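# Remarks on the overall topology
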Amino acid sequence: MAHDGAGHLGADILLRAIQGCDTMTMKSFALLGSAIVALGGCSGPSSNEANGTAASGPATTATRVRGVVQSVGPNALAVQTYDGRAVSVPLDTKTGFAWVVGSSLATLKDGDFIGTATTGAGDTVRAVELVIFPESMRGTGEGHYDWDVPGVVAAAGGDASGSSAMTNGTVEQQSAMTNGTVTEGAGKSGETTLTVSYKGGKTKVLVPAGTPVVRFEPTQRSVLAKGQKVFVVTDASAPGAKFVAIGKDGITPPM
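Here the structure is a predicted model, which means the values were calculated and not measured. (Residues numbered from 1 in each chain as written. Predicted model: local features only at pLDDT ≥ 70, side-chain atom pairs only at ≥ 80, totals over all residues. Heavy atoms only, no water.)

Our next topic: the overall build of the protein chain. When its secondary structure is counted, the protein chain shows three helices and 15 strands. Put simply, the protein chain has 255 residues, and 48% of those count as buried. Residue pairs at least 24 apart in sequence account for 65% of intrachain contacts in the protein chain once pairs closer than 6 positions are excluded. By element, 53% of the accessible surface of the protein chain is carried by carbon and sulfur atoms, the whole surface being about 11,200 Å². (Helix = DSSP H or I, 4+ residues; strand = E, 2+ residues; numbered from the N terminus. Buried < 20%, exposed > 50% of the residue type's maximum accessible area, 1.4 Å probe, protein only. Contact = heavy atoms within 4.5 Å. Areas by Shrake-Rupley, 256 points an atom, 1.4 Å probe, with all protein chains shown as cover.)

Let's shift gears to the packing of aromatic side chains. As enumerated under the stated definition, the model contains three aromatic pairs in all. Between the aromatic rings of F216 and F243, the centroid separation amounts to 5.7 Å while the plane-to-plane angle is 80°, which identifies the pairing as edge-to-face. Separated by 27 residues along the polypeptide, F216 in strand β13 (residues 213-218) and F243 in strand β15 (residues 243-247) bring together distant segments of the chain. Since its relative accessible area comes to 5%, F216 is described here as buried. Among the aromatic residues, those joined into a cluster by ring pairs are F113, F133, F216 and F243. Sitting over the ring of W147, R64 keeps its end group 3.7 Å from the ring centre. (Phe/Tyr/Trp six-rings, centres within 6.5 Å; stacked < 30°, edge-to-face > 60°. Lys NZ or Arg CZ within 6 Å of the ring centre and 35° of its normal.)

As judged from the two bridges shared by strand β6 (residues 113-119) and strand β7 (residues 124-127), these two strands associate in the antiparallel manner. Residue T118 lies in a different strand from β7, and its bridge partner there is A127. Where β6 folds back onto β7 in an antiparallel hairpin, the turn is made up of four residues, including G120, whose phi is positive at roughly 95°. Relative to strand β12 (residues 201-207), β7 is paired through three bridges, and the arrangement is parallel. Within β12, the residue paired with R126 across the bridge is L206. (Pairing = 2+ DSSP bridges.)

Shown next, in the form of structure tokens:
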């Protein structure tokens, strides 16, 4: 989602983390390592999108695909995007795969590394989704930058009328509004405010009640099946997709 340097750092952390794992687990982590590099190599302002709305800024070879799997072939994945287009996603041995599994803010701790797509501008932005990264992916796409239409928005109709950004960083502080008395500017009951820090700054993110919260888990190509909802990063300079995130148990990858 941001810089190559962050991707390589995440990969180094990953390699240290897999020491002592069995062969199957090591293979899964190796595939997720490809995902780290993929997410670290395509920032929002310079990427195209295949769910109906293009990101702002100059186009590059990187493309994000969001939609539903129609079929799984030996070398490609047929995906229908949320705006109804048919996209063929090439796969090869370097493609990384990860489950997107349900989680909650109750599991979030200060010091966790997260990614969150947001709307709005100013001192506090509002989250439309939140991903809690495993420790092996700390540093992935670190920063605050423009983003295209998040999956949770695209799946509901692709409304891109508001500004959208991605914030990846470390949770410094979180505070929740759980009672009925709300001071001006503090948010509504049930909302949580996160202070997220990253290289070069920090952002306050307001997380409304009901915001989708997920985590990544490494997996393998063999789990792909028709009907799954996916988030894919491809690059015209590579023969296969860099990363396929697969919603587990019907989850929509919200990023």
